[in-house]
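Structural overview
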Amino acid sequence: MKNNRNRRAGSYSRRHVLQLLAGTACACCGSVHANKLAYDLTATEIASGTWAVHGRSEYFTLENGGNIVNVAFIEVPDGVVVVDSGPSRRYGEALLQLIEKTVPGKPVLRVYNTHHHPDHFLGNQVFDRTVIAAPQQVIDNILAEGDGFADNMYRLVGDWMRGTAPIAPGLALEGDSEEIGGRKFSLFYLSGHTSSDLVIRDDQTGVLFSGDLAFYNRAPTTPHAQIEVWQESLQTISALDRELILPGHGLRDDSGASIEQTADYLDWLHRGLSEAAASGLTMNEAMALPVPARFQSIDVVQTEYQRSVVHMYLTLEDDLMPLIDVK
Amino acid sequence: MINRTIKRIIAAAALVIISQVSTAGASSLPQDPLNSVMWENLAGRFFPGEIVIDQRVRVSAPHDAEDQMQVPITIDATDLDNVVEIVAIADLNPIPHILTLHPTRAQAFIGFRVKLEQASPIRVGVKTSDGVWHVNGVIVNAAGGGCTAPALAHGLDNWYKTLGQTRAITRRETADAARLSLRMRHPMDTGLAPGIPVFYLNTIEVTSPNGDELAKIEMFEPVSENPTLTLKPLVNDNISELLVYARDTEANEFRFSLPVSDTIDN
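Let me begin by describing the structure that accompanies this report. (Residues numbered from 1 in each chain as written. Chains lettered and ligands numbered in written order. Predicted model: local features only at pLDDT ≥ 70, side-chain atom pairs only at ≥ 80, totals over all residues.)

1. A closer look at the overall build of chain B
- Assigned secondary structure in chain B consists of two helices and 15 strands.
- Looking at chain B residue by residue over its 266 residues, the buried ones come to 42%.
- Nonlocal contacts in chain B, meaning residues at least 24 apart in sequence, comprise 66% of its contacts between residues at least 6 apart. (Helix = DSSP H or I, 4+ residues; strand = E, 2+ residues; numbered from the N terminus. Buried ≥ 20, exposed ≤ 12 C-beta atoms within 10 Å, placed from the backbone. Contact = placed C-beta atoms within 7 Å.)

2. Let's talk about the overall build of chain A
- Within chain A, the regular secondary structure consists of eight helices and 13 strands.
- A total of 327 residues make up chain A; the buried ones form 48% of that total.

3. Section: the packing of helix H5 (residues 227-238) of chain A against helix H6 (residues 257-278) of chain A
All names here are of chain A.
- Following both chains from N to C, one finds H5 and H6 inclined at 160 degrees, their axes separated by 10 Å at the closest point. In terms of orientation, H5 lies roughly antiparallel with respect to H6. Of the two elements, H5 crosses H6, and the hand of that crossing is left-handed. Here Ile227, Trp230, Gln231, Leu234, Ile237 and Ser238 of H5 come into contact with H6, specifically with Ile259, Thr262, Ala263, Leu266 and His270.
- Its residues assigned to classes, the contact of H5 with H6 comprises seven nonpolar, four polar and no charged. (Axes fitted to C-alpha atoms, helices over the stretch in contact; angles between N-to-C directions. Parallel < 35°, antiparallel > 145°, perpendicular 65-115°, else oblique. Left-handed = near helix turned anticlockwise from the far one by under 90°. Nonpolar A, V, L, I, M, F, W, Y, C, P; charged D, E, K, R; others polar.)

4. A few points about the pairing of strand E1 (residues 44-47) of chain A
All names here are of chain A.
- In the sheet, E1 pairs with strand E2 (residues 50-53) via three bridges, with the strands oriented antiparallel. Residue pairing for E2: alanine 47 is matched across the bridge by threonine 50.
- Where E1 folds back onto E2 in an antiparallel hairpin, the turn is made up of two residues, including glycine 49, whose phi is positive at roughly 65 degrees. (Pairing = 2+ DSSP bridges.)

5. As for the interface of chain A and chain B
- Listed as interface residues are 24 residues of chain A and, on the opposing side, 30 residues of chain B.
- Those elements giving two or more residues to the side of chain A that touches chain B turn out to be helix H4 (136-157), helix H7 (283-287), helix H8 (301-320) and strand E13 (323-324) of chain A.
- Taken together, the residues that form the side of chain A that touches chain B break down as nine nonpolar, seven polar and eight charged.
- As paired elements, E13 of chain A and strand E9 (residues 166-174) of chain B share two bridges and run antiparallel to each other. Residue pairing for E9 of chain B: leucine 323 of chain A is matched across the bridge by arginine 167 of chain B.

6. Describing the nonpolar core
- One finds Ala72 and Val309 of chain A to be the most contacted residues of the largest nonpolar core, which totals 80 residues.
- Broken down by element, the residue count for this core peaks at nine residues, all from H4 of chain A.
- Contact partners of alanine 72 of chain A, with chain neighbours within four places excluded, come to Thr50, Trp51, Ala52, Val53, Val83, Phe209 and Leu246 of chain A.
- Core analysis: the second largest hydrophobic core is formed by 62 residues, Leu116, Ala143, Ile204 and Leu214 of chain B among them. (Core = buried A, V, L, I, M, F, W, Y, C linked by C-beta atoms within 7 Å.)

7. Let's talk about the sheet that holds strand E11 (residues 207-216) of chain A
Residue and element names in this part refer to chain A.
- One open sheet accounts for five strands, arranged E8-E9-E10-E11-E12; its pairing is mixed. The two strands at the open ends of the sheet, each matched to only one other strand, are strand E8 (177-180) and strand E12 (244-250). Along the sheet, successive strands turn relative to each other by an average axial angle of 35 degrees, direction set aside.
- Relative to strand E9 (residues 183-190), E8 runs antiparallel, the two sharing four bridges. Each bridged residue has a counterpart across the sheet, and for glutamate 179 the counterpart in E9 is lysine 184.

Here's what the structure looks like:
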């Protein structure tokens, strides 16, 4: 996902063109495609007044429209708190409708963005920017890479992205907790999946929203990962008081198994690729190495493993291939 | 103005004639399994002579390029005997020719990384000593811009100081073949990024201590920044060292030697 550095000032991307078309689409395209692309979002109550909107355990495709992420919303006394906003404007609109249907008449008081990956924040457009909050580093990352992510999402999922533009949160979080609409939320500023990963705990229900620091039965993604830092963050999370974890991708986790599985997978990934790089295997040979049986049932593990080889191999080679005297 | 129009018409007519000639001459070409629009043109240019589509030429590449600046490719033609030349091209790159390997005394194997300007077939021709080209390939889906973006090195003030800095691993993989993986720091500028002239490593030679050529690579603009290459030179009992010579388009020269262990290290 390093396409952002190829954008040049003054060039029109496919995304810009589609955005322009979005404004005029109703006039000319008629009703044929009007209802074709629709996210079928459903809310699953995972704790009192707390709903998960589960995405599919897949990679981005033209069929799923980028709906591969777990988004959540919580009814608090005076309104609603949302954790992550999904992959597109269209998703954000569907999410708002679902919230209105589930918790009628209550205003959205806070939207958290756990980190800057596109499936977690590209629905921001439909919310009042002043209620969208994230750590300053997440905001900086969105400002730096959001455009490139949005372009790449148009390439990967196509027309689902129509009208989507990256919007950075209007509020930089500070402090280890905040009260929103009569409910206290604890905030944990961690990293490792990206350079800034926000973990949120609803102190009333004990639901811990781990963002993408924890995956469960869906393979972890590593485009911005620092594995050792990530492992430290998982240890931090495992020590936190909680009732259950909603991972960024995959199933809800009542036992802490998502932390163990993510840590186990990352450990294998790091060790295996280190050995491969140290023995001079090509990236393609490393990609062909077998995934252990205990990870075979994890969704999209082959795809994500191969992506991780590309993310991690250059750095491992630089660390593990010895320098040679050159004349 | 009229002159220009006439010139354009003549040019267009010439193009039509040329394309018809190449179509006529290509009638003996095997059908391209990758259905590339460039097949007839590139086959004539890079694989002159008899061509067979041959699954024994194994080309490994990811279906989707995660990073279009560093798309990993591994070519393994060790099921073919008497290989004299391996040519790798990216059909739809503005500069298609990636590299040519002469495995003089090496297995018909090479790993490298390539910049892709857009989704493209990666096509490999392996020439055997009877003059036949054994051709195979894969299609890699990619985002745009790999060849026209500046190298990451140009974001550094001091990239020139580390030019040619090399990391390498060698080990005896079988009784008579070594695995050599190396990375040389070089921006590999294509000349297509605005304001940055063409500048790339174009020659790498691997020889034995007594001067016998084991492998030679001619490299071109599409090879990724900081070329990372994997070769399998043949090393009999007497060879305990590989000598490497590299040169770029500005005639900078780099020489280094790499030890090969006596025992198999697998």
